[in-house]
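Coordinate inspection notes
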Amino acid sequence: MARSENPLEAEYWTGGVDPRPLALFRIGVGLSLLHDLVNLAGDVRPFLTDEGMLPHGVARTGTTWSLFDLVSTPAGASVVLAFGAAALVAFTIGWHTRLATLAAWVFVSSVEHRNHFMADGGDAITKAMLFWALFADLGAAYGVDARRRATRVVEVPAFGARLLQLQVALLYSGAARVKMRFGWLKDNAVYYAMQIHGFTRPPGALLGRFPALCRVGTLATLAMEAVFPFTVFSPWAIRACRIATVALGLAIQLLILVTMRVGVFTEVMLSCVALFLLPEWIDAVEAKVRARGWLAEDARPASVVSHPRWAKAVYAAMGVQFVLALWGDAFSRWVPLPAPLAAEVQLLDVQASYNMFSTAVDDSRWRGDGVLEDGTPVEVVSVAAPEAASDAPGWVFSRWSKIVLNEHQRGFPFGPLGAYFCRTFDERRPGSPLRSFTLVDDVTPAHAPGVTPTVRPAVLWKETCPR
């Protein structure tokens, strides 16, 4: 197969690519999702079972299919979680890679579909990348499948890799477009983001003390995201543009990683940088590693994975699907999709979201003003869900931060959540049981530099605990 790194040439899309960037992407995404799974394991009961905030029968918006709909108890959810862990391990090590990729996509989608209140744009882009990865050969290098081959694969079909690159480029261009629409050119958006304590790390809180530096960060982030797609698909100075692509991708995500705790998004996007590595860069690194004796020379004969006979039909179908996934954000205001196509897009649910922290968001902290059966006043949330009550920056990400951020969404299940708080409080605090509590959101409005905000308490829910 012919190769090209020029997007204006047909070989760029229909030729071949080196499989090693795809393999590095696979390993990075797999490790990121396993890390996220460890984080999720501590919150299975409140988020993914009938004993938590969203039992079966409570209305859910959007796509509704989920493996977690097959179970209702923590034990059952743990079985599904074990399936997910096995799929992610197989995906990471490149064992039965195509099937493992499908299983990983189903599992990651199932988590979000079961409880979209704990999800955000990071989960959406992860689902999308796993879906398009189904059409790329992720297992041809650096994995179990690759080692079991009699030959060393040096080239695989390019189309799936290009879809993945295109998705990343569109994510950044879409994010830049949304940010400009919401005033990033005039506003100090990074300064506002550093005020959201549930998502801020200590270095981010320190950055928030310097509004002028935050303003520089706001403009720099917008500029980097806007430039990124042009460096990816530039037909000129390709090597220099690829260096810029990798530098921009690393800079954007490392700055987020240092200042904010936003879950799986940052780690997955850092892994996506591997998709833009040029083969000669990997050759140079491998040569240095082999020179140190850390990697043996692969003596197997080289081979190429050719396009299957039905490749053109699949590529055409995937191109149409890619456009459909973008349609809702880009064109639906003018030309809505026909109902069957809209239903298909909703079923697959691989649309990326571009609006994470694009607008100023108020900082929220929950508290539960409760009373025990013996009349003793207590604070409920700090016992039942301490991560939802935190009002200080921290290092560890918690999905409770997303729950607090998303409580304004239509259909938020305050009733089941209140019942969960009642049960969990009594389990964690022996003695007189909880009689009732009022869930209050202490809102600190996003504020400009030099403004001292006034905390605005807002009553979200009043719960009488059943006996």
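Read on for an overview of the structure. (Residues numbered from 1 in each chain as written. Predicted model: local features only at pLDDT ≥ 70, side-chain atom pairs only at ≥ 80, totals over all residues. Heavy atoms only, no water.)

Attention shifts here to the packing of aromatic side chains. According to the stated counting rule, one finds 21 aromatic pairs in the structure shown. With a centroid separation of 6.3 Å and 45 degrees between ring planes, the pair formed by F68 and F107 is classed as tilted. Here F68, found in the loop between α3 (44-48) and α4 (74-93), pairs with F107, found in helix α5 (residues 97-114); they are 39 residues apart in sequence, far enough to count as distant. For the residue pair F68 and F107, the accessibility class agrees, reading buried in each case. Joined through ring pairs, the aromatic side chains of W65, W105, F131, W132, F135 and F322 make up one cluster. In this structure, R162 packs its charged tip against the face of Y12, placed 3.7 Å from the ring centre. Taking NZ or CZ as reference, K179 lies 4.9 Å from the ring centre of W184, over its face. (Phe/Tyr/Trp six-rings, centres within 6.5 Å; stacked < 30°, edge-to-face > 60°. Helix = DSSP H or I, 4+ residues; strand = E, 2+ residues; numbered from the N terminus. Buried < 20%, exposed > 50% of the residue type's maximum accessible area, 1.4 Å probe, protein only. Lys NZ or Arg CZ within 6 Å of the ring centre and 35° of its normal.)

Going through the model one piece at a time under the given rule, you end up with 1 disulfide. At a sulfur-sulfur separation of 2.0 Å, the disulfide partner of C422 is C465. Negative torsions about the S-S bond denote left-handed disulfides, and the value of about -75 degrees found for C422 with C465 makes this one left-handed. Taken together, the residues C422 in helix α20 (residues 414-428) and C465 in the segment after β7 (456-464) connect sequence positions 43 residues apart. Grouping residues by exposure puts C422 and C465 together as buried. C272 provides the cysteine sulfur closest to C241, a residue in no disulfide bond, and the two sulfurs are 20 Å apart. For C241, a relative accessible area of 17% translates into the label buried. A relative accessible area of 1% means that C272 is categorised as buried. (Disulfide = S-S within 2.5 Å.)

A few words on the nonpolar core. Generally speaking, nonpolar side chains in soluble globular proteins are found buried as a group. Counting 117 residues, the largest nonpolar core has F25, W132, W366 and F421 as its most contacted members. The element that contributes the greatest number of residues to this core is helix α8 (residues 159-181), accounting for 9 residues. Not counting chain neighbours up to four residues away, the residues in contact with F421 comprise W366, V380, V381, A384, A385, W400, F437 and L439. (Core = buried A, V, L, I, M, F, W, Y, C linked by side-chain atoms within 4.5 Å. Contact = heavy atoms within 4.5 Å.)

This part takes up the pattern of salt bridges. Applying the stated criterion to the full structure yields 24 salt bridges. Among the salt bridges present, the one from D50 reaches R114, with a minimum N-O distance of 3.5 Å. Here D50 is found in the loop between α3 and α4, whereas its partner R114 is found in helix α5, with 64 residues between them in sequence. Taking the relative accessible area as the measure of exposure, D50 reaches 29% and is therefore partly exposed. We classify R114 as buried; its relative accessible area is 0%. A cluster of three or more residues bridged by salt bridges with shared partners is formed by D18, R20, D283, E286, R290 and E297. (Salt bridge = Lys/Arg side-chain N within 4 Å of Asp/Glu carboxyl O.)

The next thing to look at is the sheet that holds strand β1 (residues 16-17). Reading across from one edge, β1-β2-β3 is the order of the 3 strands in this open sheet, with mixed pairing throughout. Of all the strands in the sheet, the pair left with one neighbour each is β1 and β3 (302-304). Relative to strand β2 (residues 152-157), β1 is paired through 2 bridges, and the arrangement is antiparallel. When the bridges of β2 are listed, V17 appears paired with V156. (Pairing = 2+ DSSP bridges.)

Our focus in this paragraph is unusual backbone geometry. The residue A237 is not glycine, and still its phi comes out positive at about 45 degrees. Along the chain, A237 turns up in the loop between α11 (211-232) and α12 (238-259). Its relative accessible area of 53% is what places A237 among the exposed residues. Within the chain, D349 stands out as a residue other than glycine whose phi angle is a positive 55 degrees. Residue placement: D349 occurs in the loop between α16 (339-348) and β4 (363-372).

Let us now look at the sheet that holds β4. One open sheet accounts for 4 strands, arranged β5-β4-β6-β7; its pairing is antiparallel. With partners counted over all chains shown, the strands left at the sheet margins are β5 (377-379) and β7, one partner each. Ignoring strand direction, the axes of neighbouring strands in this sheet form an average angle of 25 degrees. As paired strands, strand β6 (residues 434-444) and β7 are joined by 8 bridges and run antiparallel to one another. Bridge pairing links V440 to V459 in β7. Sitting on the sheet, α20 is in contact with β4, β5, β6 and β7, with an inclination near 120 degrees to β6. (Axes fitted to C-alpha atoms, helices over the stretch in contact; angles between N-to-C directions.)

Attention shifts here to the environment of A158. Position of A158 among the secondary structure elements: in the loop between β2 and α8. A158 sits in the buried class, given a relative accessible area of 0%. Residues within four places of A158 in sequence aside, it is in contact with Y12, W13, G15, G16, V17 and H307.

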